[in-house]
Amino acid sequence: MDRINDRYLKENQVAENGLLDRRLFLKKGLQFGVITSLASTASLVSAKENDDVLKKKSSDLTWMHEPGMPFSTYGQPSKFEDNVLRYPSVNEAVPGNGVSWTPLHLMEGVITANGLHFERHHNGVPQINPKKHRLLIHGLVKKDLIFTIDDLLRYPMQSKTCFIECGGNSNAGWHSQPSMSEAGYFNGMASCSEWTGIPLSVLLDEVGTSKKAKWLIAEGADAFAMQASIPIKKALDDAFLALYQNGERIRPENGYPVRLIVPGWEGVLNVKWLHRLKLTNRPVMARNETSRYTELQPSGKARMFTFVMEAKSLITSPSAHMILKQSDLYQITGLAWSGRGKIKKVEVSADDGNSWAEAELQEPILDRAFTRFRIPWHWNGKPAVLKSRATDETGYVQPERKKLVMERGRQGFFHYNAIINWRVDGDGFVSHVYDKDETKKTDSDISIDSDWD
Ligand SMILES: Nc1nc2c(c(=O)[nH]1)N[C@H]1C(S)=C(S)[C@@H](COP(=O)(O)O)O[C@H]1N2
Ligand SMILES: [Mo]
């Protein structure tokens, strides 16, 4: 028996295959009486059981009968949430080179908990003693300056909530077969935090940049001594040195004691463990600017210095590996972001892209930050394909996979931001699929399994 009234569905449907008015839950709550409950009937506790719980009769509920745990100096997640973990993938020959993905499919809201921020290291996490760390600014400047961490901590600070996304995020999308991983373990080389620190423009003003300076070469104090070239214009615009992440000092794996934040641009530019900024008139042409991040296009020309992370979205629930228990009312939810500014709208389709409805965007909608979207959906128990499509404030629309592959060819490795399809089969099992009419076997895969960038 379908527990949802037909008339209710008709009145509220905004696109085919059960997509409902995005404001439904906000305006009208769950409308008990029209729908019995959002929870599955099996999980509903009987009135009698409820009574027992309240009377503390259940001997199972030990926590209601004895004092709880003492206070703690640093809190940890509940032991019942021990599956909410980053997923590491490392190069066995060089264990310090690899990534760990953020479990986006197991999270809510828009902020990434510090212990779950994705990681990308080329040679491990240095254990930096802040007392011994120095930041040198030199090159095309009026005077070189060296800062200690204590010096940096004296500057007036600002906070910005923004995402960091690796340019190689979602690169399994370039494969000829869809990734079989959970949503986060395929797209979670992206995380969003409130970063606090010092605008780079303030420090560049201190050293006095020469007019000839066009680039800023940033270098990390890790054993890889990673370098990245950043155009001076961006450095002066909104780049900053972060010392804090979501209110506490940056975690070692995310760049302690100080990292660069280059809002909306490729993750690789956000140099961690920052110890040197050199002003120059040309890029340094580091490994990550030449042997990586240079992509041959179908025209025969290569793309280089493709800094901006274009608009992208994905549905985090329901998503790959989840199971919908029965035909019922569900909330489709996911994340959208753009390296060019704010997200303007996110559309969702439940019929494989034939019809679309606008999802509700959760406030506040911030510049270059994760934006949460939600829309109610009635699943009728039949196979369905769910998609989300983001548009940012510049009017840029997230492309279909076919269009992206056609434009960028088969040498693409970075900047995969195509629309992602989740197929719900008749048993409610969700998996990642490409569009029906896409060629399957003809394309050869580029080998990307042991490299992430
Ligand atoms: N010093 C240094 N900075 C670095 C890296 C590195 O290996 N060393 N990796 C870069 C890459 S490729 C990415 S995507 C981001 C990842 O930042 P996170 O580990 O805090 O998520 O850091 C960048 N900064
Ligand atoms: Mo990266």
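Predicted model only: the values in this text are computed from it and were never measured. (Residues numbered from 1 in each chain as written. Chains lettered and ligands numbered in written order. Predicted model: local features only at pLDDT ≥ 70, side-chain atom pairs only at ≥ 80, totals over all residues. Heavy atoms only, no water.)

## Remarks on the overall build of the protein chain
What counts here: Helix and strand definitions follow DSSP, with helices as H or I runs of at least four residues and strands as E runs of at least two, each counted in order from the N terminus. Here's how the labels work: a residue is buried when its accessible area is under 20% of the maximum for its type, exposed when over 50%, partly exposed in between, all with a 1.4 Å probe on protein chains only. We call two residues in contact whenever any of their non-hydrogen atoms come within 4.5 Å of each other. Computed with a 1.4 Å probe, the accessible areas rest on the Shrake-Rupley method; for each residue, only the protein chains presented here act as cover.
The helix and strand inventory of the protein chain stands at nine helices and 26 strands. The buried share of the protein chain, taken over its 453 residues, is 52%. Relative to all contacts within the protein chain whose residues are 6 or more apart in sequence, the contacts with residues 24 or more apart total 73%. When the accessible surface of the protein chain is summed, it comes to about 21600 Å², and 53% of that surface belongs to carbon and sulfur atoms.

## Regarding helix 6 (residues 200-207)
Put simply, the test is: What the arc covers is the set of directions going from the helix axis to the C-beta atoms.
Along helix 6, the residues classified as buried are L200, L203, L204 and V207. For helix 6, the angular spread of buried residues about the axis comes to 100 degrees, placing them on one side. Backbone geometry just after helix 6 places G208 at a positive phi near 70 degrees.

## Details of the site of ligand 1
Convention followed: Throughout this document, a residue counts as near a molecule or strand when at least one of its heavy atoms sits within 4 Å of that molecule or strand. The definition of a polar contact used here is a pair of N or O atoms within 3.5 Å, where within protein one atom must be able to donate a hydrogen and the other to accept one, and adjacent residues in sequence count solely through side-chain atom pairs. Following the grouping adopted for this structure description, the nonpolar residues are Ala, Val, Leu, Ile, Met, Phe, Trp, Tyr, Cys and Pro, the charged ones are Asp, Glu, Lys and Arg, and the polar ones are all others, Gly among them.
The environment of ligand 1 is formed by 19 residues, the closest being F118, H122, D222, R259 and K272. Note that an oxygen atom of ligand 1 is positioned 3.0 Å from one of the backbone N or O atoms of R120. Separating an oxygen atom of ligand 1 from a side-chain N or O atom of H122 is a distance of 2.6 Å. Sorting elements by how many residues they give to the shell around ligand 1 places strand 5 (residues 119-121) first, with three residues. Here the residues of the shell around ligand 1 sort into six nonpolar, seven polar and six charged.

## Side note on the environment of N171
When you line up the elements, N171 lands in the loop between strand 8 (158-165) and helix 5 (184-187). The buried category is assigned to N171, whose relative accessible area is 9%. Sequence separation of N171 and Y416 is 245 residues, and the distance between their C-alpha atoms is 5.8 Å. A distance of 3.1 Å separates a polar side-chain atom of N171 from the backbone oxygen of G168.

## Let's talk about unusual backbone geometry
Geometrically, the link from Y256 to P257 is a cis peptide bond, its omega value of 5 degrees lying close to zero. Tracing the backbone through its elements, the reader meets P257 in the loop between strand 13 (248-249) and strand 14 (259-261). That bond from E363 to P364 is cis: its omega, -5 degrees, falls within 30 degrees of zero. Mapped onto the fold, P364 is located in the loop between strand 22 (360-361) and strand 23 (371-379). Non-glycine residue N17 carries a positive phi angle of around 60 degrees. Its place among the elements puts N17 in the loop between strand 1 (13-15) and strand 2 (19-20).

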